[in-house]
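Below, each chain spelled out in residue letters.
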Amino acid sequence: MKYAADRELLWFWICSLPAVGVVTIDRMLEVYGDIEEVFRCTEKTLDGLPGISEKAKQQLGKTRDMARIEQAWERMRKKDISFISCEHKSYPERLRHIFEYPKGLFYCGSLEAFASARRCAAIVGARQCTAWGQSEAGKFAKTLSEYGLHIISGMASGIDAAAHRGALSADCATTAVLGCGADICYPAKNQAVYEKIKACGCILSEYPPGTAPAPWHFPRRNRIISGMADAVIVVEARKKSGSLITADMGLDQGKDVFAVPGRGCDALSEGCNNLIRQGAFLADKPEDILNFYHIELRHQKKNKIILDKSENMVYSSLCLAPKYIEEICAETSMTAGEVISILFRLEKSGMVKRLSAQQYVVNQSMEER
């Protein structure tokens, strides 16, 4: 048997079986010692092996045919999907050290950007997030990408998708780890993000092509998101949130966990604020993370912007939490027309950011200048 090519096929075979997960593979490797011996084992020895489901035994017994395995490999490659086993030299080194690490990964795109990055940061958070949360996730991802950190997330709605978009807006690659097959865009509304990531980054999954999303897949995939990263950054999370599972896994894996603080009265900030109370690093801005890793900041020439009285009143009424135009009108005693005109000028100068047709926030990066 040719070591490299055939062993990759054997790992592909066992990782493609729906009923054979990581725990089953680990159990078989404990007994048989090697993937080649697993492939050679007889149905009789499988029957006597405890801790393996009948369905798994059936799939293992019926699929041990190299010709069929090679055909399945070719079908996968025709879909522009690749496979890499845990033995391959390009398998993510960080993943080898996590509990129940995937024995193989299916992916679209390229692992090169991830592999060549000096550091990687996972950005996760609520699906049902606020406009402010999306803005923060995008800002963190964009800035960190510009400084060479590779952004990893789960391509879910809300914070995950915003993080991917932030990295892409910096013309940088990003990696999405899915809870379904790498050939399936989930949720479907993220199709545009999925295609962009596939073109310049990596769509990755431990589940074989064609695997539909299932609720129990997502907590499992979170260990991969945190496992591939140096830092886990949580932006908006409820008290009981899947994002906190990723943070907990990151802590168990020895990762640096950061939380973006929010207002104490917001339910979406409870998870992040609790993380900080429990010892997570507070990250008000991307620069906090860059400083933590001793990454030198690039200083740009600062141009002072002079505001007139009315502009200063509107600007002073804004903060990092989104405000509606009607709230600004009430605080400044100005008409909606006056406020909208001033907001337009402030937005053009970069001092404020528009989150929606009616919501505005202070542009934090300008405020720090």
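Our next topic: the overall build of the protein. Scanning the protein from N- to C-terminus turns up 18 helices and 12 strands. Taken along its principal axes, the extent of the C-alpha atoms in the protein is 85 × 35 × 35 Å. Counting all 369 residues of the protein, 52% fall into the buried class. In the protein, the share of contacts with a sequence separation of at least 24, taken over all contacts with a separation of at least 6, comes to 70%.

Position of Phe39 among the secondary structure elements: in helix 3 (residues 35-40). Phe39 sits 312 residues away from Met351 along the chain, and the two C-alpha atoms are 63 Å apart. Residues contacting Phe39, with those up to four places away along its chain left out, are Leu10, Trp13, Arg64, Asp65, Met66 and Ile69.

With 70 residues, the main nonpolar core has Ile14, Met28, Met155, Ile203 and Leu204 as its most contacted residues. Ranked by the residues each element gives to this core, the list is headed by helix 1 (residues 3-15), at seven residues. Those residues within four positions of Leu204 in sequence are excluded, and the remaining contacts are Leu105, Phe106, Tyr107, Leu111, Thr175, Ala176, Val177, Leu178, Ile224 and Met228. One finds Cys129, Trp132, Ala283 and Ile295 within the second-largest nonpolar core, a separate group that totals 27 residues.

What follows is about the pattern of salt bridges. A side chain of one charge can pair with a side chain of the opposite charge when the charged atoms of the two come close. According to the stated counting rule, one finds 19 salt bridges in the structure shown. For Asp34, the salt bridge goes to Arg7, with nearest N and O atoms at 2.9 Å. Here the residue Asp34 occupies a position in the loop between helix 2 (22-32) and helix 3, and Arg7 occupies one in helix 1, the gap between them amounting to 27 residues. On the basis of relative accessibility, which here comes to 6%, the residue Arg7 falls in the buried class. One salt bridge connects Lys285 with Asp288, and the closest N-O pair in it is separated by 3.2 Å. Classification of Lys285 as partly exposed rests on a relative accessible area of 23%. Taking the relative accessible area as the measure of exposure, Asp288 reaches 22% and is therefore partly exposed. The structure contains a network of salt bridges with shared partners spanning Arg7, Asp34, Glu36, Glu37, Arg40 and Glu87.

Conventions adopted
Residues numbered from 1 in each chain as written. Predicted model: local features only at pLDDT ≥ 70, side-chain atom pairs only at ≥ 80, totals over all residues. Heavy atoms only, no water. Helix = DSSP H or I, 4+ residues; strand = E, 2+ residues; numbered from the N terminus. Buried < 20%, exposed > 50% of the residue type's maximum accessible area, 1.4 Å probe, protein only. Contact = heavy atoms within 4.5 Å. Core = buried A, V, L, I, M, F, W, Y, C linked by side-chain atoms within 4.5 Å. Salt bridge = Lys/Arg side-chain N within 4 Å of Asp/Glu carboxyl O.

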